[in-house]
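Structural overview for review
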Amino acid sequence: MKRRSIRHSVFSSVAVSALVLTGAANAQETDTTTEDDAVISVIEEDVTEGEARQEKIVVTGSLLARDNFASSSPIQVITAEVATLEGLVDTAAILQGSSLASGSTQLNNTFQNFVTNGGIGAQTIDLRGCGDTRTLVLVDGKRPGPAGTRGSIAALDLNVLPQSIISRIEVLKDGASTIYGSDAVCGVVNIITRDSVDSLELNAQTTRPFDSGGEQYSLSGAYGFQLGDFADFTISAEYRLSEELDTSERDYLDCSRDYVNSPDGTGLIDRQNFSAQGLRPTQNCNNLYYNTVIDAFSGQRLVPSPNGTTIATVNGVSVPGYRPRVGTGYTADGVAFFEDYLDGEFLDNRDFIPRNENISLFGTADVELGGIAWDTELLFSRRETNVEGWRQFFPVVGSGSQCGFCGYIDDPAYDNAAGGLVQIVAPFPTVDDIKLDYYYASSSLSGGFAPGFLDDWSWKIDGSYSRGEGSYGGNEILLSKSGDWNFDGVADVDGDGLADTIAPPSIDFLNPDILSGVASNDLVAAIGGYQTGSTIYEQTTFTAVLAGEVFELPAGPLGLGLGAEYREFSIDDQPGVLTQGGDIWGSSTAGPTKGTNSVSEVFAEISVPLLKGAPLAEDVEFSGSVRAFDYDIGGSGSIYKVGLNWQITPTFRARSSYGTSYRAPALFELFLEDQTGFQSQTVIDPCINWADSTNPNIRANCAAAGVPDNYTGAGSSALVVTSGGGELLEPETGDTFTAGLIWTPTFADLNIAVDYYEIEIQDQITSLSAAQIVGGCYATTVYPNDFCDLFERAPGTATIGAYNVDNIQAPTLNVDAQSQAGIDLEVRYTNEFNFGTVIAEGSINWALERYINVFGSDFVSGVTDNDFNGTIGFPSVVGDASVRLDRGDWTYTWFTDFIGRQDDNRYFAADYNDPQAYFALTGLYKVYTEAQFTHGLSVRWTGDTWTITGGVRNIFDEHPPQVSDIVQLSAGNTPVNATGYDIRGRRAFVNVSKKF
């Protein structure tokens, strides 16, 4: 146990509100409680339970020590023991699975095909769906710096925090910007580490799905020792490995289908696969379009012939074994079929969850001399992430009888005799390799004052430094070797819109082995290149706090806390030479992102006891805090927060808080250099088939733009350019209100807490999506508008891609607001029976609304209802529960997670709850996910020195609900942004611990 008394740990962070919830202040403890439980987490071996209840401790979200384990702000505690009993291997899984996080999309290492904050493999925490840039993560009350790769870094990568060092996690559910500064807008996660180890401890854990793929392993050890009675030292190490999960290893990830059902309930009516590779018509997976040659002008396509015949009618091109594609055909009974290649065995190695390997070292030193405590923490972490995948390569290249297949263009005429243009579509393998080294050091001095001088006051000085060094490598397609006929940087001397010179490729793109992927290694050797970029993010923080009691009031002492903080942070991201030089085809390009910012802040908190021992006012306390800030870039200002904690009767407590908040622009939001990406026309353009739209604005405005009502969006993807907003950005401001009631009856060890919350964020900093920008142009009542100036649309006379959208500028900017409201419910029941002690607890979050207003009340995408509560990725209701029986050396646990129904129907102009046209048929699309329970169980045996835990997660092997592929961001037919569902499937876990 800890050597130092809690009396000296004025600044140690403890979950006070959770202790009220768990009945620590009103219920007797049982002899089965472990030291990891929240109930005992503040009790020292030299302090009795009664004495501990009178101690003053500092809670997460406060500067001041308080009585009675109570806070006006709602706090939830997650213990390390919960992670062990439920088979959770890493810190991210612990946090992202909580009810406060599972109700929104989390960055959980499944978004490697997207540009996300922190880069590939990063895992962050987003409370209440506000965004991970608005959730602050602390370690022992201190702020470690963010970590990740690429230019968009703003949140701490949870991979750097080893699970083995965690004692508990305290989650503050409301804003705390007055105490912690920027980022603490929608909540604070305070990870409390173990700072004392009695002897050598070893731990091993494995989690293995019943199906192959996605295995997880963990090895850790900890050792502690003392020097006399004045110093404690600990050191711990952890190795963690998460094996890749390929999409082919789970049926619900493997096959993307149209997923359209017959209205009469007889089954799917998806298009049939009549391609040369189709062994069965129902093998109609739409995973990757490839193995095709397209006339760049007429759109006529060549596909492999089922019988191997060769027919050349596309621009005079002859490809052995290929013939013209019929297009969409129909069987005798009206069922649509396709002849394209949309799947292949080589796709089996696509990673949905990539291989992730972590090693961490953590050490602490607690020294007390002369009444002054010196506490130090050191952390080193290395993460390596490796991703394998596939992409399309679709250049427009030269062809024709005169030119032959020469692969370059020099002013060809637009006819077959002189040579023409064709587009080939072939598969190209991709790899990404990430390595992130993270260093963190924190040291603090704290103590009191000489007797007779500020007796009830204490002081603390903190200093911390963090540095993330990341490298990200991957293979790319070289633009200079792509053979693509029209790209920037090639001279167009005669001004005819065609490149005058293009280096001919060193490989025949019309070779069937290139088109089919059989010779993909040859294609990589001919046109591929490997590059590595680097990212360094540094943060230095100094904090000083003075806290104590000013004078005595009739209801108790008035507490005051004063503090100051200086923080400096910088980023230096240098993309690979291919990206910076622009010699990269069909992928995001970016310039360096480099910048520094700093902030100086002063803050104060006051605690005023108002009433004590009065009727209906057993204990009433008012709290208030204020913070003033001055950023080098980002402006200056101040915010405040007030709270009321009212013990009405011995069994009822009410609490409420209201506060303002701010978030200064993150470094990437300020300094991000232009980054390019690509979006499909069908994803971003509401003018595609606008005659079918029920939105009158879209119909009128697309017609006014001259877009035909049957425009299909055929053509290449649109180029999207994102960038930082620079000094034009203003800080976000916000308001948070909470009100709650806690009931702790005397007739049972039952504790119920209900909290209502409202969060509003003004001047939200964001980068609008391409769909929002184009939608904002055509879906609003005013046309044209400012959104229309942010992109270009090709004229109808364009030879290729007529009416296509291109060159979308998406800078970071301040938009209007987002607001949320909801209810949290937490319940805990404990009772000791003759067969053992039963502990039942649960947590539920009901989101009542989630509004996003981009510019005023008229949402830019044209959606009439801007409340996104209940859409896919944002379920209205989520929860978790567990029932535990402690019986002697054995612990039995049943645990359950719940995620509510989600429906994207509001995104579509038509009502997809009703049958819709599907080619020549009528079908039911599925744009919703069902509510789902997942269950698990575990058994733990605890001996003198051995502890063994085994169990099964997702015991009934519940699979993620499936949706039609018109719902964006899906793997197979599993919606990727619905991260609350279990992807790995049923799996067994075993944890073995040994103390020496």
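To keep things clear, this report deals only with the structure shown in the data block. (Residues numbered from 1 in each chain as written. Predicted model: local features only at pLDDT ≥ 70, side-chain atom pairs only at ≥ 80, totals over all residues. Heavy atoms only, no water.)

**Observations regarding the overall build of the protein**
Our working definition: Here a strand is any run of E in DSSP of at least two residues, a helix any run of H or I of at least four, and the numbering for each starts at the N terminus. Throughout this description, buried means an accessible area under 20% of the type-specific maximum (1.4 Å probe, protein chains only), exposed means over 50%, and partly exposed covers the range between. Between two residues, a contact is recorded if the distance between any of their heavy atoms is within 4.5 Å. What sets the accessible areas is the Shrake-Rupley method with a 1.4 Å probe; for residues, cover comes only from the shown protein chains.
Along the backbone of the protein there are 13 helices and 51 strands. Expressed as a percentage of the 996 residues in the protein, the buried residues total 57%. Across the protein, contacts joining residues at least 24 apart in sequence account for 72% of those joining residues at least 6 apart. Counting every atom, the protein has about 38,500 Å² of accessible surface; 55% of that belongs to carbon and sulfur.

**Topic: the nonpolar core**
Heads up, the rule is: Side-chain atoms within 4.5 Å link the members of a nonpolar core, which is a set of buried Ala, Val, Leu, Ile, Met, Phe, Trp, Tyr and Cys residues.
Grouped together as the largest cluster of nonpolar side chains are 28 residues, with contacts concentrated most on Ile 125, Val 160, Leu 161, Ile 169, Val 189, Ile 191 and Tyr 438. Of all the secondary-structure elements, those providing two or more residues to this core are helix 4 (91-96), strand 5 (136-139), strand 6 (166-172), strand 7 (188-193) and strand 23 (420-447).

**Remarks on a nonpolar patch on the surface**
Stated precisely, the cut-off is as follows: Residues with no salt bridge and a relative accessible area higher than 30% make up the patches, which join like charges within 9 Å and nonpolar side chains (Val, Leu, Ile, Met, Phe, Trp, Tyr) within 5 Å. Just to be clear on terms, a salt bridge is a Lys or Arg side-chain nitrogen sitting within 4 Å of an Asp or Glu carboxyl oxygen.
A cluster of nonpolar side chains, namely Leu 200, Leu 202, Tyr 223, Phe 225, Leu 227, Phe 230, Ile 235, Leu 369 and Phe 996, defines an oily patch on the protein surface of about 850 Å² accessible area. Residue contributions to the nonpolar patch peak at three residues, all from strand 9 (residues 216-227). Within the element layout of this structure, Leu 202 appears in strand 8 (residues 201-209). Its relative accessible area of 40% is what places Leu 202 among the partly exposed residues.

**Looking at the state of the cysteines**
Where we set the bar: In this description, a disulfide is simply a cysteine sulfur pair whose atoms lie within 2.5 Å.
Counting across every chain of the model gives four disulfides. Here Cys 777 connects covalently by a disulfide to Cys 788, the sulfurs 2.0 Å from one another. Looking down the S-S bond of the Cys 777 and Cys 788 bridge, the torsion is 100 degrees, so its handedness is right-handed. Of the two residues, Cys 777 sits in helix 13 (residues 770-778) while Cys 788 sits in the loop between helix 13 and strand 36 (792-793), which places them eleven residues apart along the sequence. Under the relative-accessibility criterion, Cys 777 is labelled buried at 1%. The buried category is assigned to Cys 788, whose relative accessible area is 14%.

**Focus: the pattern of salt bridges**
In this structure the tally under the stated criterion is 33 salt bridges. Of the charged contacts, one joins Glu 170 and Arg 168 as a salt bridge, the two residues approaching to 3.0 Å between their closest N and O atoms. The burial state of Glu 170 is the same as that of Arg 168; both residues are buried. In this structure, Arg 382 engages Asp 437 in a salt bridge whose closest nitrogen and oxygen atoms are separated by 2.6 Å. A residue pair is termed long-range when its members are at least 10 positions apart, and Arg 382 in strand 21 (residues 372-393) and Asp 437 in strand 23 qualify at 55 residues. Note on Asp 437: relative accessible area 7%, which makes it buried. Among the ionic contacts, a cluster of salt bridges with common partners joins Glu 81, Arg 884, Asp 886 and Arg 940.

**Brief notes about the environment of Tyr 928**
Mapped onto the elements, Tyr 928 comes out in strand 46 (residues 928-929). Between the alpha carbons of Tyr 928 and Ser 964 there is a distance of 8.8 Å; along the sequence they are 36 residues apart. Setting aside its immediate chain neighbours within four residues, Tyr 928 contacts Arg 901, Gln 902, Asp 903, Gln 962 and Val 963.

**Points about the pairing of strand 27 (residues 593-614)**
Put simply, the rule reads: When DSSP finds at least two bridges between two strands, those strands are taken to pair.
Pairing of strand 26 (residues 556-574) with strand 27, which is carried by 15 bridges, proceeds in the antiparallel orientation. Considered in strand 27, the bridge of Asp 572 is made with Lys 594. Examined bridge by bridge, strand 27 and strand 28 (residues 617-631) share 14 bridges and lie antiparallel to one another. Its bridge partner being in strand 28, Val 599 is matched across the sheet by Tyr 631.

Nothing here speaks to function; it is geometry throughout.
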